[in-house]
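# Examining the three-dimensional arrangement
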Amino acid sequence: MNDYQNMFSLEGKTALVAGGAGGLGLQITAALMQNGADAAVCDLNPSAASELEDTAREAGRSYIGIKTDILDAQDVDAMVAAVIAKFGKIDVLINAAGMNILKKAEEYDESSWDRVMDLNVKGTHLVTKAVGKHMIERRYGHIISISSVRSILGMPQDYLAYCASKGAINMYTKQLACEWAKYGITCNAVAPTFTRTAINAFQLDDPVFFGKLVERIPLGRICTPKDVCAAMVYLASDAAAFVTGQILGVDGGITVIQ
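The text that follows walks through the structure, step by step, so that each part is easy to find. (Residues numbered from 1 in each chain as written. Predicted model: local features only at pLDDT ≥ 70, side-chain atom pairs only at ≥ 80, totals over all residues. Heavy atoms only, no water.)

## Considerations on the overall build of the protein
- Check the secondary structure of the protein and you find nine helices and seven strands.
- Here the C-alpha radius of gyration of the protein, 18 Å, is about what a compact globule of 258 residues would show, namely 18 Å.
- Along the three orthogonal principal directions, the C-alpha set of the protein runs to about 50 × 45 × 40 Å.
- Within the protein, the proportion of its 258 residues that are buried is 50%.
- Here the analysis covers contacts within the protein between residues at least 6 apart in sequence; of these, 72% occur between residues at least 24 apart.
- Surface exposure of the protein reaches about 12200 Å², of which carbon and sulfur atoms provide 53%.
- On the protein, the mean spot of the 23 positive side-chain charges and the mean spot of the 28 negative ones are 3 Å from each other. (Helix = DSSP H or I, 4+ residues; strand = E, 2+ residues; numbered from the N terminus. Rg over C-alpha atoms; globule rule 2.2 N^0.38 Å. Buried < 20%, exposed > 50% of the residue type's maximum accessible area, 1.4 Å probe, protein only. Contact = heavy atoms within 4.5 Å. Areas by Shrake-Rupley, 256 points an atom, 1.4 Å probe, with all protein chains shown as cover. Lys, Arg positive; Asp, Glu negative; His and termini not counted. Charge placed at Lys NZ, Arg CZ, Asp CG, Glu CD.)

Here it is in structure tokens:
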């Protein structure tokens, strides 16, 4: 009989969370450490995640925050080198940096489009490429990006660049899975429905918007950070060693009822 204990443990692993100083990234980093991983966060403002130092201490893990512009390839390369110098390896990469700018499609200016696409897609690629080279050398790694149900479901307005960027993340994930499987690297994405963060709190605080949203979700509630973190821990663990190229919907069933 196989031993199925501790299947989801991250003991002995090192995780890098890009965009881990705020929103979901901070919660994901805490979850990874609480389940056994040492962790690094790269962010323009890593000091915003100073509470993770306490989380690491309580969990008996090591933690480092590194100021990084993920749109600067040289900055990204230096950050990855610093993480490897600190921990000796990177086993797990979480791409958690993201943004949205709410504008109607006919008013979506070039600057706004570029900002959303650059952070959500280009930044993901620059970090993934730099970490991927290290993982290819080791022939091991788990890469997980945050997608969204908006990668496959539209909104009445204001989500043009965001939806396009998350659709790109889906195909980026699938193509990476095809190219890097031979190196022992798995590539997946987690696609939640609305989850309360600083980006969308004003929408979720609107009772009309919130009510219409929850009515469309079979499980009758929005996603929570814990829901996303549970999926991340699973995909980061060796329990998911045979799972790659997948977009895991953490959406309460909204994508199956539309």
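## Quick word on the side chain of T55
- Along the chain, T55 falls in helix 2 (residues 51-59).
- Sequence-distant contacts of T55, defined by excluding residues within four places in its chain, comprise A30, M33 and Q34.

## Brief notes about the packing of helix 4 (residues 110-138) against helix 5 (residues 160-180)
- Close contact between helix 4 and helix 5 brings their axes to 9 Å; oriented N to C, the two are set at 15°. Relative to helix 5, the element helix 4 is oriented roughly parallel. Where helix 4 crosses over helix 5, the two elements pack in a sense that is right-handed. Only L160, A161, Y162, A164, S165, K166, A168, I169, Y172, L176 and W180 of helix 5 make contact with helix 4, whose side of the interface consists of W113, V116, M117, N120, V121, T124, H125, T128, K129, G132 and I136.
- Grouping the constituent residues of the contact of helix 4 with helix 5 by class yields 14 nonpolar, six polar and two charged. (Axes fitted to C-alpha atoms, helices over the stretch in contact; angles between N-to-C directions. Parallel < 35°, antiparallel > 145°, perpendicular 65-115°, else oblique. Left-handed = near helix turned anticlockwise from the far one by under 90°. Nonpolar A, V, L, I, M, F, W, Y, C, P; charged D, E, K, R; others polar.)

## Focus: a nonpolar patch on the surface
- Together, M1, Y4, M7 and F8 make up an exposed nonpolar region whose accessible area comes to about 530 Å².
- Following the sequence through the fold, Y4 ends up in the segment before strand 1 (14-18).
- With relative accessibility at 52%, the residue Y4 sits in the exposed group. (Patch = residues over 30% accessible without salt bridge, like charges linked within 9 Å, V, L, I, M, F, W, Y side chains within 5 Å. Salt bridge = Lys/Arg side-chain N within 4 Å of Asp/Glu carboxyl O.)

## Let's talk about the packing of aromatic side chains
- As enumerated under the stated definition, the model contains five aromatic pairs in all.
- Ring geometry for F8 versus Y234: centroids 6.2 Å apart, planes at 55°, classification tilted. Taken as a pair, F8 in the segment before strand 1 and Y234 in helix 8 (residues 225-236) lie far apart in primary sequence, 226 residues in all.
- When its relative accessible area of 43% is taken as the criterion, F8 is described as partly exposed.
- Owing to a relative accessible area of 28%, Y234 belongs among the partly exposed residues under this scheme.
- Between Y108 and W113, the ring centres sit 6.3 Å apart and the planes meet at 90°, which makes this aromatic pair edge-to-face.
- Exposure remark for Y108: the relative accessible area of 12% places this residue in the buried category.
- Look at W113 and you get partly exposed, because its relative accessible area is 31%.
- Through a chain of ring-to-ring contacts, three or more aromatic side chains come together here, namely Y159, Y162, F194 and F209. (Phe/Tyr/Trp six-rings, centres within 6.5 Å; stacked < 30°, edge-to-face > 60°.)

## Things to note about the pattern of salt bridges
- Here the structure, examined in full by the defined rule, presents nine salt bridges.
- The partner of D205 in a salt bridge is R196, and the shortest N-O contact between them spans 2.9 Å.
- Members of the salt-bridge network, linked through shared partners, are E11, D38 and R61.

## Considerations on the side chain of K13
- Along the chain, K13 turns up in the segment before strand 1.
- Side chain to side chain, K13 and D238 meet in a polar contact 3.1 Å long.
- If sequence neighbours within four positions are ignored, K13 has contacts with G36, A37, D38, K89, D91, V92, Y140, A236 and D238. (Polar contact = N/O pair within 3.5 Å; in protein donor to acceptor, adjacent residues only side chain to side chain.)

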